[in-house]
Amino acid sequence: AKRARKMAGWTSDEKLGDFLNWWTTEYLPRRVANGRLAEETMDGYETSVRLHITPRLGDVGLTDLTATLLEEWLDDLAGDGLGPRGRQKALRALSVALSVAVKRDLIGRNPARSVEGPRVVAKRVKAWTRAQAGAFIAASADAPQLHGNLWLTQLGAGLRPSEALALHVEDVDLGRGRARVHRNLSWRKSGRWVIKTTK
């Protein structure tokens, strides 16, 4: 393991923050370029690292990370008001990063795998009533036609904004009242719009 670290240019006292910087700026973009990782997944990992992991754990040595330390970190994030889903995402990003550290022989085991993440309770989605939908349609009447039609399409078909924005003319059959939803449009941190196939 020491030989592998030396060959990779890493030292035994490597800080987590330095490793995560390499992971987010070199390793993840390479996986995106090779088609092995979705760009939005990389963006999510980078956000968790920047906002929730590096500020609190960046100065800790890779080999000094323990499950107890990570449990305390999650408790601190909860104390700062970060909800269960945000803490779960942060723990997931850290675990994925540390799995790479294990594969590169920088650490012997992944302590994040021993940590039980926060329980996330799914929120029940409350749909609009007929009256609320009617009020929205009435309020949309003054909107530019393109916006109004987009909102009505979303409301009538239950589409996410990203799905409605990705519709093409050939996807819509007005005669039969159908639309084929198979793409979504989203904005990337890299400063561009991306159309992807829906899950």
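To keep things clear, this report deals only with the structure shown in the data block.

Here is what the cut-offs are and how they apply
- Per chain, the residues get numbers from 1 upward, laid out in the order the sequence is written.
- Only residues with pLDDT of at least 70 are given local features in this predicted model, and only at 80 or more are side-chain atom pairs given and counted; all residues enter the totals for whole chains, interfaces and linings.
- Side-chain measures were taken over the full set of non-hydrogen atoms in the model, leaving aside hydrogen atoms and water.
- Note on conventions: DSSP H or I runs of at least 4 residues are helices, E runs of at least 2 residues are strands, and numbering of each starts at the N terminus.
- A simple rule labels every residue: compare its accessible area, found with a 1.4 Å probe on the protein chains alone, to the largest value its type can have, and call it buried under 20%, exposed over 50%, or partly exposed in between.
- Should any heavy atoms of two residues lie within 4.5 Å, those residues are counted as being in contact.
- What sets the accessible areas is the Shrake-Rupley method with a 1.4 Å probe; for residues, cover comes only from the shown protein chains.
- Think of it this way: Lys and Arg go in the positive column, Asp and Glu in the negative one, and His and the chain ends go nowhere.
- To locate a charge, take atom NZ for lysine, CZ for arginine, CG for aspartate or CD for glutamate.
- The pairing criterion for strands is at least two bridges between them, as found by DSSP.
- Only buried residues count toward a nonpolar core. Its members are Ala, Val, Leu, Ile, Met, Phe, Trp, Tyr and Cys residues joined through side-chain atoms within 4.5 Å.
- The method works on a 1 Å grid over the protein atoms by themselves. A cavity is a set of points holding a 1.4 Å probe that cannot get out, a pocket is an open set with protein on both sides within 12 Å along at least five of seven lines, and residues with an atom within 4 Å of a point line them.
- Grid points are joined across faces, edges and corners, and a volume is the space filled by probe spheres set on the points.
- Residues were grouped as follows: Ala, Val, Leu, Ile, Met, Phe, Trp, Tyr, Cys and Pro as nonpolar; Asp, Glu, Lys and Arg as charged; and all remaining residues, including Gly, as polar.

The next thing to look at is the overall build of the protein chain. Of the regular secondary structure elements, the protein chain holds eight helices and four strands. Helices (α) and strands (β) of the protein chain occur, in sequence order from the N terminus, as α-α-α-α-α-α-α-α-β-β-β-β. With the C-alpha coordinates aligned to their principal axes, the bounding extent of the protein chain is approximately 70 × 40 × 25 Å. In the protein chain, which comprises 199 residues, the share counted as buried stands at 34%. When contacts within the protein chain are restricted to residue pairs at least 6 apart in sequence, those whose partners lie at least 24 apart make up 48%. Here the protein chain has roughly 13300 Å² of accessible surface; of this, 51% comes from carbon and sulfur atoms. Between the averaged position of the 33 positive side-chain charges in the protein chain and that of its 22 negative side-chain charges there is a distance of 7 Å.

What follows is about the pairing of strand 4 (residues 192–197). Examined bridge by bridge, strand 3 (residues 183–188) and strand 4 share six bridges and lie antiparallel to one another. The residue of strand 4 that forms the bridge with R183 is T197. The turn joining strand 3 and strand 4, which pair antiparallel and follow one another in sequence, is formed by three residues; a positive phi near 90° is taken by G191.

Moving on, we get to the nonpolar core. Residues L16, F19, W23, I53 and W73 are the most contacted members of the largest nonpolar core, which totals 35 residues. If you list the elements that add at least two residues to this core, you get helix 2 (16–33), helix 3 (39–57), helix 4 (67–79) and helix 5 (84–103). In terms of residue count, the dominant contributor to this core is helix 5 (nine residues). Ignoring any residue separated from it by four or fewer positions in sequence, one finds L16 in contact with I53, L57, G58, V60, G61, L62, L65, L94 and L98.

Each pocket or cavity is described by its volume, and for the largest pocket that value is around 590 Å³. Around the largest pocket, the lining is made up of 23 residues, and of these E40, T41, K89, R188 and K199 lie nearest the centre. Of all the secondary structure elements, the ones that give two or more residues to the lining of the largest pocket are helix 3, helix 5, helix 8 (161–165), strand 3 and strand 4. Tallying contributions element by element places helix 3 first for the lining of the largest pocket, with eight residues. Considered class by class, the residues forming the lining of the largest pocket number four nonpolar, 11 polar and eight charged.

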